[in-house]
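An overview of the molecular structure
Chain by chain, the residues:
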Amino acid sequence: MIQTIRLDHLLREEVATPYRHLVTRRTGAAVRSGIERALAASACHTALLDFTEVDLLDLSCADEIVAKLLMNPGPASERCVVLQGLREDQLEAVEHVLNHHRLAVAAVLADDAPPDLLGCADDDARAAFAQVRNAGPTDAPSLAGALAWAEPRARAALDALASLRLARFVDGLFHPVTVR
Amino acid sequence: MTRIIEIPTHFDDRSFDQFAASFGAWPPEERLLFDARQAQWASPYGLIAMLTAAQALAEAKRERPLFAVPQSDDVRRYWARAGFFRHAADLFELHGRVPRATAGPSDVLLDVTPVRAADDVHGVVNTIPEAAARILHGELGLEMKATMRFSMALSEACQNIVEHAGTGGWVAVQTYSWRRRLGRRVVVIAVSDAGIGFRRSLETSHAKRFGDRWGDGAALEAALIQGVSRFRDPGRGQGLAFIKRFVDQWNGKISIRSGTAKLSIVPTWDDEDPLVEHLPFFPGAQVQIIIPAQEAEPK
């Protein structure tokens, strides 16, 4: 199950602001708490954070919402997190904080497109992410065959994806992050 | 006894040190008279510097300073329209006729605005976008995508007050022609607070590493160049890094003055020394970000 969380709604609920700007650490922390509460009450395997109706996202808020959500132990640490609806400037803010903390997250960057990988991941993790996304659920021997890698290398790349929550390990297979 | 603080006739970051020097030891014991009668022009940096000084005096429990308003009608009107007198009336005993503030001048993107809490930052970024798009894109020739980044930089600059100063501060944003210094229009963000300054903010966590070098200049280097913060949270310190990148992208300039030092990231069009130390002391921190009009591509 995928749970969509609209950041503009959460902003209004958590901060009671008439604005659609995600700025300041205090605002970011309040919105992150709202996300964590929503996820704690949900059985979803993937949280889709929708930035579509957000105007401005500054670095401080991106750090509080995205980076800390990914780093903190809590309800989000069990789920895949996917971002969508990021404009170019918002994307820049998110990538800045991901790289700062050496984190990665999946993001839908165009309508109807499958998720891409944002942030800090090595070449093998990126290749494995693309392969799982394009070819569907896989295991280490299949990935090794598809990418002409040795099996331990494929296994390490898939384990890295799972630890970054960029793939879900279910019934012996690594599943792509999906939003539909 | 009253000490006269002469307001420079052209009050900007370059004449700021003359202003700071006139206070003597801080905080001054005497009552102060800010004499702006001869003032002909003040940048946003100059306007909020005067408010910062008055705020610092109030926080130091000094007598409310006097303020002699500019003799020039035009200057008085302009300062009123930029929102200066609205706040000055709370901090100074004003002497001279103060015109009623009408709608702000079209080159003021953001009136002189107090920043005391996170809510104020929301207010600032909510005020800016429409005018920023008109001026940055329409007049200065920056790409549209610069508008949102400009607001992000402004937000981060204001948050430095909320997060680090330990007291309130001020922000103003304005565009004007810089004929003599650059020959182009610029947009200027000025942010100033009367707080503890960079050295005290970082002292507990970073002074030891610098040893004898520790001081206002080293603290500014640590914050602006090395991206350190007083917080243990590893996510801190990214705001100034973003501002630096934004400024670099648009061939702009950022300078931060705190205590007795000033550190600047200097573009090719400017000749200021990157680090100046042993300046006259002034409380808190003063940040100025300048983005120039983009030069047309040669045809």
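Values in this document were obtained by computation on a predicted structure and should not be read as measured data.

Quick notes on the overall build of chain B
Each helix and strand in chain B was counted, giving 10 helices and 13 strands. Relative to its length of 299 residues, chain B is compact, with a C-alpha radius of gyration of 18 Å against a globular reference of 19 Å. A principal-axis box enclosing the C-alpha atoms of chain B has dimensions of 55 × 50 × 35 Å. Relative to its 299 residues, chain B shows a buried fraction of 49%. Of the contacts formed within chain B by residues at least 6 apart in sequence, a portion of 69% connects residues at least 24 apart.

A look at the overall build of chain A
Helix and strand counts for chain A come out as 7 helices and 7 strands. Its C-alpha atoms give chain A a radius of gyration of 16 Å, within 12% of the compact-globule value 16 Å for 180 residues. Structurally, chain A occupies a C-alpha span of about 55 × 30 × 30 Å along its principal axes. Long-range contacts, defined as pairs at least 24 residues apart, comprise 66% of the intrachain contacts of chain A with a sequence gap of at least 6.

Overview of the domain arrangement of chain A
All names here are of chain A. In terms of domains, chain A is made up of domain 1 (1-120) and domain 2 (122-180). Computed from C-alpha atoms alone, the centre-to-centre distance between domain 1 and domain 2 is 24 Å. Facing the 15 residues of domain 1 at the interface are 9 residues of domain 2. Elements that contribute at least two residues to the side of domain 1 that touches domain 2 include exactly β2 (46-50), β3 (80-84) and β4 (104-108). Of all the elements, β3 adds the most residues to the side of domain 1 that touches domain 2, at 4 residues. For the side of domain 1 that touches domain 2, the class distribution of residues is 11 nonpolar, 3 polar and 1 charged.

Focus: the nonpolar core
Note on soluble globular proteins: their nonpolar side chains tend to be buried together. The biggest cluster of nonpolar side chains holds 151 residues, and the ones touching the most others in it are L22(A), V105(A), L161(A), L154(B), C158(B) and A172(B). At 11 residues, helix α7 (residues 145-165) of chain B tops the list of elements feeding residues into this core. Among all residues touching V105(A), those that are not within four sequence positions of it are V66(A), L70(A), V81(A), L83(A), L98(A), L118(A) and G119(A).

Describing the sheet that holds strand β11 (residues 261-265) of chain B
Residue and element names in this part refer to chain B. Taken together, the 7 strands give an open sheet; going across it, the order is β7-β8-β9-β13-β10-β11-β12, and neighbouring strands pair in antiparallel fashion. Of all the strands in the sheet, just β7 (108-115) and β12 (275-276) have a single pairing partner and so form its edges. In this fold helix α10 (residues 238-249) packs onto β10 (253-259), β11 and β13 (282-292), with an angle of close to 140° to the strand it touches most, β10.

Quick look at the pairing of β11(B)
Residues and elements named next belong to chain B. Counting buried positions along β11 yields 4 of 5 residues, so the element is predominantly enclosed. The pairing of β10 with β11 spans 5 bridges and is classified as antiparallel. Each bridged residue has a counterpart across the sheet, and for R257 the counterpart in β11 is K262. Between β10 and β11, which pair antiparallel and follow one another directly, the connecting turn spans 1 residue. Pairing of β11 with β12, which is carried by 2 bridges, proceeds in the antiparallel orientation. What sits directly across from K262, in β12, is V276.

A few points about the interface of chain A and chain B
The interface of chain A with chain B comprises 20 residues on the first partner and 18 residues on the second. Counting only elements with at least two residues in the side of chain A that touches chain B, the list comes to α2 (25-40), α3 (59-71) and α4 (88-101) of chain A. In terms of residue count, α4(A) provides more of the side of chain A that touches chain B than any other element does, 7 residues in total. Of the residues that constitute the side of chain A that touches chain B, the class distribution is 7 nonpolar, 8 polar and 5 charged.

Notes on the sheet that holds β4(A)
Residue and element names in this part refer to chain A. Taking strand neighbours across the sheet as the criterion, the 5 strands line up as β1-β2-β3-β4-β5 in an open arrangement whose pairing is mixed. Single-partner strands in this sheet number two, and they are β1 (2-6) and β5 (116-119). On average, each strand axis in the sheet is tilted by 35° relative to the strand beside it, whichever way the strands run. Judged from the 5 bridges that link them, β1 and β2 form a sheet pairing that is parallel. From the neighbouring strand, I2 faces β2, where its bridge partner is T46.

As for the packing of α4(A) against α7(B)
Between α4(A) and α7(B), whose axes approach to 9 Å, the crossing angle comes to 45°. What the angle tells us is that α4(A) and α7(B) run oblique. Facing α4(A), whose interface residues are E88(A), D89(A) and A93(A), α7(B) presents K145(B), M148(B), R149(B) and M152(B).

Rules used throughout
- Residues numbered from 1 in each chain as written.
- Chains lettered and ligands numbered in written order.
- Predicted model: local features only at pLDDT ≥ 70, side-chain atom pairs only at ≥ 80, totals over all residues.
- Helix = DSSP H or I, 4+ residues; strand = E, 2+ residues; numbered from the N terminus.
- Rg over C-alpha atoms; globule rule 2.2 N^0.38 Å.
- Buried ≥ 20, exposed ≤ 12 C-beta atoms within 10 Å, placed from the backbone.
- Contact = placed C-beta atoms within 7 Å.
- Domains from an automatic or database assignment.
- Nonpolar A, V, L, I, M, F, W, Y, C, P; charged D, E, K, R; others polar.
- Core = buried A, V, L, I, M, F, W, Y, C linked by C-beta atoms within 7 Å.
- Pairing = 2+ DSSP bridges.
- Axes fitted to C-alpha atoms, helices over the stretch in contact; angles between N-to-C directions.
- Parallel < 35°, antiparallel > 145°, perpendicular 65-115°, else oblique.

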